[in-house]
Amino acid sequence: MRTARRSALIDRPLPEPSALPRRAPLPAHHPDPVLDVVVPVYNEENDLEPCVRRLHAHLGETFPYAFRITIADNASTDRTPLIAARLAAELPGTDWIRLVEKGRGRALHTAWSRSPAPVLAYLDVDLSTDLAALLPLVAPLISGHSDIAIGTRLARGSRVVRGPKREIISRCYNGLLRGTLAVGFSDAQCGFKAVRRDVAERLLPLVEDREWFFDTELLVIAERAGLRIHEVPVDWVDDPDSRVHIVSTALADLRGMARLGGALARGRLPLSALRRSGGDLAGDLPTGLARQVVRFAAVGAASTLCYVLLYSALRPAAGAQAANALALLASAIANTAANRRLTFGVQGHGGALRHHLKGLATFLVGLSLTSGSLAVLHHTAPGAGHRVELVTLIVANLAATLLRFLLFRAWVFPARRTTGPSAP
């Protein structure tokens, strides 16, 4: 009975809370700690004290706001809890929490959920990432520029020292993410991340994983919702004493990708609740319509080239009308998919079938214009050659493209109204 009930809950869409408010910079004189850096640990009695003391000294010397360090001990069985308690008593602004279950994601979820700081971060206890990147990591969140910030070892400007095995595994994992979940961020696994608390409050209830896939799941959901992710190239030195079990972690990550991909495909996640209200993203861009026109024109130029090549290849065998219909259909499908993502900023699979069906309806409009133009040409000039046909079709396609843009903007991908409250 319990299993059946859980299955029903998994398939039920999550409720849609109100949208996030617009981002705003934090005041220069914030009375409370602005940053809470969480250090998740499990049996780290050797590394914990030097890590926390070095981190505390670095923040005290370089960070311009009040800060807090939280040691999140998830079920350590060595002297880690004793060391954590002593550090919390000795170092101002240092705290620790104890969890009875293992899991880095569980530790971060718990610590971030409890923290009142407006910016939440974490780093690995081995300090593989140079602390010089910490201020650049959190600065875009403090200024209100970004929602999430991540360290990346795979961007130009990063300096990484690690063995070929870990390098290959990391690149394969991030490549698999790009291939399966179409992510845009470069490095999901670097243990050096930060998030604004208002974003974390919305994201954390949606993240199911409590172990190593936690970071990836949080980032994928945030990106699909259109939140701004800032990447910081880091200097990173591999820890030879890493506790990560590569095979079991890889299998768990694959299961996490499948689960998350299924949830996104079924539209279970309330992504609209993570978008900023008041036109924070596209609505505030002064090039809103102009940028859409430019991108639509670029996609249209590529589609027209594709159409011309297909028509020229199919014309000798299929005839003018059939070649026109087939070439237009193929280019229209590709055109709708490209405009959906590039021109109108629609990400994920939600509504994709509806968009393509409406796109095919606009294809019928284009087909009517181009087929009608061919019919008129053949009626008025029966001996017209292949070049004249192509010129006629290109002109007709330009007219169809203008009409298609208007239909796409007003009907296929209508802009969401976010300036006022939604109707009940």
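Residues numbered from 1 in each chain as written. Predicted model: local features only at pLDDT ≥ 70, side-chain atom pairs only at ≥ 80, totals over all residues. Heavy atoms only, no water.

- You'll find the protein entered in an unreviewed UniProt entry as dolichyl-phosphate beta-glucosyltransferase, with Streptomyces indiaensis given as the organism.
- In its Catalytic activity (unreviewed entry) section, the UniProt record describing the protein reads: "a di-trans,poly-cis-dolichyl phosphate + UDP-alpha-D-glucose = a di-trans,poly-cis-dolichyl beta-D-glucosyl phosphate + UDP".
- UniProt, in its Sequence similarities (unreviewed entry) section for the protein, records the words "Belongs to the glycosyltransferase 2 family." (UniProt positions renumbered as here; feature names shortened; annotations may be inferred.)

1. Brief notes about the overall build of the protein
1) Next: Counting its secondary structure elements, the protein contains 13 helices and 9 strands.
2) Next: When each of the 424 residues of the protein is scored for burial, the buried share is 45%.
3) Next: Here the contacts in the protein between residues at least 6 apart in sequence split such that 79% fall between residues at least 24 apart.
4) Next: Total accessible area on the protein stands at roughly 21200 Å², and carbon and sulfur atoms take up 61% of it. (Helix = DSSP H or I, 4+ residues; strand = E, 2+ residues; numbered from the N terminus. Buried < 20%, exposed > 50% of the residue type's maximum accessible area, 1.4 Å probe, protein only. Contact = heavy atoms within 4.5 Å. Areas by Shrake-Rupley, 256 points an atom, 1.4 Å probe, with all protein chains shown as cover.)

2. Structural notes on the environment of Asp78
1) Next: Relative to the helices and strands, Asp78 is located in the loop between strand E2 (67–74) and helix H3 (80–90).
2) Next: Its relative accessible area of 24% is what places Asp78 among the partly exposed residues.
3) Next: For the pair Asp78 and Glu45, spaced 33 residues apart in the sequence, the C-alpha separation amounts to 6.8 Å.
4) Next: Once residues within four sequence positions are removed from consideration, Asp78 is found in contact with Asn43, Glu44 and Glu45.
5) Next: At a separation of 2.7 Å, a polar atom in the side chain of Asp78 contacts the side chain of Thr80. (Polar contact = N/O pair within 3.5 Å; in protein donor to acceptor, adjacent residues only side chain to side chain.)

3. What about the pattern of salt bridges?
1) Next: This model, assessed by the stated rule, comprises 20 salt bridges.
2) Next: Of the charged contacts in the structure, one is a salt bridge between Arg86 and Glu49, with a shortest N-O distance of 2.9 Å. Here Arg86 is found in helix H3, whereas its partner Glu49 is found in helix H2 (residues 48–62), with 37 residues between them in sequence.
3) Next: In this structure, Asp215 engages Arg104 in a salt bridge whose closest nitrogen and oxygen atoms are separated by 2.9 Å. Remark: Arg104 occurs in helix H4 (residues 104–114) and Asp215 occurs in helix H8 (residues 214–224); sequence separation between them is 111 residues.
4) Next: Within this structure, Glu49, Arg53, Arg86 and Glu90 form a network of salt bridges that share partners. (Salt bridge = Lys/Arg side-chain N within 4 Å of Asp/Glu carboxyl O.)

4. What about the packing of H4 against H8?
1) Next: Contact geometry for H4 and H8: axes closest at 8 Å, N-to-C directions at 55 degrees. Compared by their axis directions, H4 and H8 come out oblique. Here Arg104, Gly105, Leu108, His109 and Trp112 of H4 lie close against H8, whose contacting residues are Phe214, Asp215 and Leu218.
2) Next: The class makeup of the residues in the contact of H4 with H8 is 4 nonpolar, 2 polar and 2 charged. (Axes fitted to C-alpha atoms, helices over the stretch in contact; angles between N-to-C directions. Parallel < 35°, antiparallel > 145°, perpendicular 65-115°, else oblique. Nonpolar A, V, L, I, M, F, W, Y, C, P; charged D, E, K, R; others polar.)

5. What to know about the nonpolar core
1) Next: Ranked by size, the top nonpolar core spans 44 residues in total, and within it Trp112, Ile148, Phe185, Leu203, Leu218 and Ile221 carry the most contacts.
2) Next: Counting only elements with at least two residues in this core, the list comes to strand E3 (94–99), H4, strand E4 (119–123), strand E5 (148–152), helix H6 (164–181), helix H7 (197–203), H8 and helix H9 (246–265).
3) Next: Top element by residues in this core is H8. It accounts for 6 residues.
4) Next: Beyond its immediate chain neighbours, meaning those up to four positions away, Ile148 contacts Leu141, Ala194, Val195, Val199, Leu203, Leu218, Leu219, Ala222, Arg228, Ile229 and His230.
5) Next: Grouped together as the second largest cluster of nonpolar side chains are 39 residues, Leu35, Ile71, Ala84 and Ala149 included. (Core = buried A, V, L, I, M, F, W, Y, C linked by side-chain atoms within 4.5 Å.)

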